[in-house]
Amino acid sequence: MFAKTLFSAGLLGLALSASQPAFAGTRLVGYADLDLTTKEGDAQLNARLRKAAKDLCGMSQPDLPTGEWEAARDCYARSMADARRAKAEVKATALAAAKKSKTDLAVR
(Lines give C-alpha, C1' and ligand atoms only; values in the text may rest on other atoms or scores of the structure.)
Protein backbone atom coordinates (compact mmCIF):
# COMPACT_ATOMS: atom_id res chain seq x y z
CA MET A 1 0.00 0.00 0.00
CA PHE A 2 1.28 3.47 -0.85
CA ALA A 3 -0.17 6.74 0.37
CA LYS A 4 1.05 10.10 -0.83
CA THR A 5 0.38 13.59 0.40
CA LEU A 6 0.86 16.59 -1.86
CA PHE A 7 1.21 20.22 -0.87
CA SER A 8 -0.91 22.46 -3.02
CA ALA A 9 0.02 26.10 -2.42
CA GLY A 10 -2.28 27.42 -5.12
CA LEU A 11 -5.31 25.95 -3.36
CA LEU A 12 -4.15 26.83 0.15
CA GLY A 13 -4.66 23.27 1.24
CA LEU A 14 -3.04 19.93 1.83
CA ALA A 15 -4.21 17.14 -0.43
CA LEU A 16 -4.24 13.64 0.99
CA SER A 17 -4.07 10.89 -1.61
CA ALA A 18 -4.12 7.14 -1.38
CA SER A 19 -3.14 5.22 -4.48
CA GLN A 20 -4.13 1.66 -3.53
CA PRO A 21 -7.29 0.77 -5.49
CA ALA A 22 -9.28 0.06 -2.33
CA PHE A 23 -8.48 3.56 -1.09
CA ALA A 24 -8.06 5.48 -4.34
CA GLY A 25 -8.91 9.11 -4.03
CA THR A 26 -7.81 12.52 -2.83
CA ARG A 27 -9.01 14.80 -0.08
CA LEU A 28 -8.15 18.49 -0.03
CA VAL A 29 -7.70 19.86 3.47
CA GLY A 30 -8.02 23.63 3.60
CA TYR A 31 -6.16 25.79 6.08
CA ALA A 32 -6.49 29.32 4.68
CA ASP A 33 -8.75 30.24 7.60
CA LEU A 34 -6.24 29.06 10.22
CA ASP A 35 -3.35 30.89 11.86
CA LEU A 36 -0.69 28.18 11.83
CA THR A 37 1.56 30.26 14.07
CA THR A 38 -0.76 29.51 17.03
CA LYS A 39 -1.33 26.29 18.97
CA GLU A 40 -5.04 26.51 18.22
CA GLY A 41 -4.52 26.81 14.46
CA ASP A 42 -2.03 23.95 14.49
CA ALA A 43 -4.41 21.74 16.48
CA GLN A 44 -7.29 22.55 14.14
CA LEU A 45 -5.23 21.58 11.09
CA ASN A 46 -4.19 18.34 12.80
CA ALA A 47 -7.85 17.50 13.46
CA ARG A 48 -8.76 18.22 9.83
CA LEU A 49 -5.89 16.06 8.56
CA ARG A 50 -6.89 13.15 10.83
CA LYS A 51 -10.53 13.32 9.69
CA ALA A 52 -9.59 13.51 6.01
CA ALA A 53 -7.17 10.58 6.32
CA LYS A 54 -9.79 8.48 8.12
CA ASP A 55 -12.38 9.27 5.46
CA LEU A 56 -9.92 8.67 2.62
CA CYS A 57 -8.76 5.33 4.00
CA GLY A 58 -12.21 4.02 4.85
CA MET A 59 -11.78 4.11 8.61
CA SER A 60 -15.06 6.00 8.98
CA GLN A 61 -16.99 2.94 7.77
CA PRO A 62 -18.51 0.92 10.58
CA ASP A 63 -17.85 -2.80 10.90
CA LEU A 64 -14.90 -3.21 8.54
CA PRO A 65 -13.71 -6.81 8.29
CA THR A 66 -10.36 -7.42 10.02
CA GLY A 67 -8.35 -7.61 6.77
CA GLU A 68 -9.84 -4.40 5.47
CA TRP A 69 -9.36 -2.70 8.85
CA GLU A 70 -5.65 -3.53 8.80
CA ALA A 71 -5.28 -2.18 5.26
CA ALA A 72 -7.23 0.96 6.22
CA ARG A 73 -5.05 1.43 9.30
CA ASP A 74 -1.88 1.13 7.18
CA CYS A 75 -3.31 3.61 4.66
CA TYR A 76 -4.12 6.02 7.49
CA ALA A 77 -0.65 5.75 9.02
CA ARG A 78 1.06 6.41 5.70
CA SER A 79 -1.27 9.27 4.79
CA MET A 80 -0.72 10.92 8.16
CA ALA A 81 3.06 10.51 7.96
CA ASP A 82 3.07 12.21 4.57
CA ALA A 83 0.61 14.86 5.81
CA ARG A 84 2.90 15.67 8.77
CA ARG A 85 5.82 16.23 6.39
CA ALA A 86 3.74 18.47 4.12
CA LYS A 87 2.31 20.33 7.13
CA ALA A 88 5.81 21.01 8.44
CA GLU A 89 6.65 22.76 5.15
CA VAL A 90 3.41 24.77 5.25
CA LYS A 91 3.96 25.73 8.88
CA ALA A 92 7.58 26.77 8.23
CA THR A 93 6.36 29.04 5.45
CA ALA A 94 3.67 30.53 7.72
CA LEU A 95 6.17 31.12 10.52
CA ALA A 96 8.68 32.73 8.15
CA ALA A 97 5.98 35.02 6.75
CA ALA A 98 4.87 35.99 10.26
CA LYS A 99 8.45 36.72 11.29
CA LYS A 100 9.06 38.79 8.16
CA SER A 101 5.89 40.83 8.70
CA LYS A 102 7.03 41.65 12.24
CA THR A 103 10.36 42.95 10.99
CA ASP A 104 9.09 44.92 8.00
CA LEU A 105 8.21 48.57 8.48
CA ALA A 106 5.49 50.30 6.58
CA VAL A 107 6.50 53.63 5.04
CA ARG A 108 3.81 56.08 3.98
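Residues numbered from 1 in each chain as written. Predicted model: local features only at pLDDT ≥ 70, side-chain atom pairs only at ≥ 80, totals over all residues. Heavy atoms only, no water.

### Let's talk about the overall build of the protein
Selection criterion: The helix count covers DSSP runs of H or I at least four residues long, the strand count covers runs of E at least two residues long, and both are numbered beginning at the N terminus. The buried label applies to any residue whose accessible area, calculated with a 1.4 Å probe on protein chains only, is under 20% of its type's maximum; exposed applies above 50%, and partly exposed to all values in between. Between two residues, a contact is recorded if the distance between any of their heavy atoms is within 4.5 Å. What sets the accessible areas is the Shrake-Rupley method with a 1.4 Å probe; for residues, cover comes only from the shown protein chains.
A count of helices and strands for the protein gives two helices and three strands. By the burial criterion, 32% of the 108 residues in the protein qualify as buried. Considering only intrachain contacts with a sequence separation of at least 6, the fraction spanning at least 24 residues in the protein is 47%. For the protein, the accessible area works out to roughly 7,000 Å², and carbon and sulfur atoms hold 56% of it.

### Here we look at the side chain of Lys 87
Test applied: Within 3.5 Å is the distance limit for a polar contact, defined as a pair of N or O atoms, with the added protein rule that one can donate a hydrogen and the other accept it, and that residues adjacent in sequence qualify only through two side-chain atoms.
Assignment of secondary structure puts Lys 87 in helix H2 (residues 66-103). A polar contact of 2.7 Å, which involves the side chain of Lys 87, links it to the side chain of Asn 46.

### Quick look at the nonpolar core
Most often, soluble globular proteins have nonpolar side chains that are buried together. For clarity, the cut-off: What is meant by a nonpolar core is a set of buried Ala, Val, Leu, Ile, Met, Phe, Trp, Tyr and Cys residues, joined one to another through side-chain atoms within 4.5 Å.
Tyr 31, Leu 36, Leu 45, Leu 49 and Tyr 76 are the most contacted members of the largest nonpolar core, which totals 17 residues. Per-element tally for this core: the top contributor is H2, with six residues.

### What about the state of the cysteines?
Condition: Disulfides are defined as cysteine sulfur pairs within 2.5 Å.
Tallied over the full model, the rule gives one disulfide. Linked covalently through their sulfurs, Cys 57 and Cys 75 form a disulfide whose S-S length is 2.1 Å. Here Cys 57 and Cys 75 share a disulfide; its torsion about the S-S bond, -65°, makes the bridge left-handed. Taken together, the residues Cys 57 in the loop between helix H1 (39-56) and H2 and Cys 75 in helix H2 connect sequence positions 18 residues apart. Accessibility classification places Cys 57 together with Cys 75 in one group, the buried group.

### Describing the confidence of the model for the protein
To be explicit about the condition: Confidence scores per residue from the predictor, reported as pLDDT, run from 0 to 100.
A residue-level look at the protein finds 70% of positions with pLDDT of 70 or above and a mean pLDDT of 75. The weakest mean pLDDT in the protein belongs to strand S1 (residues 3-8) at 33; the strongest belongs to H1 at 92. Here residues 1-12 is modelled with pLDDT under 50, and outside its nearest four sequence neighbours on either side it reaches 38 contacts, counting other chains as well.

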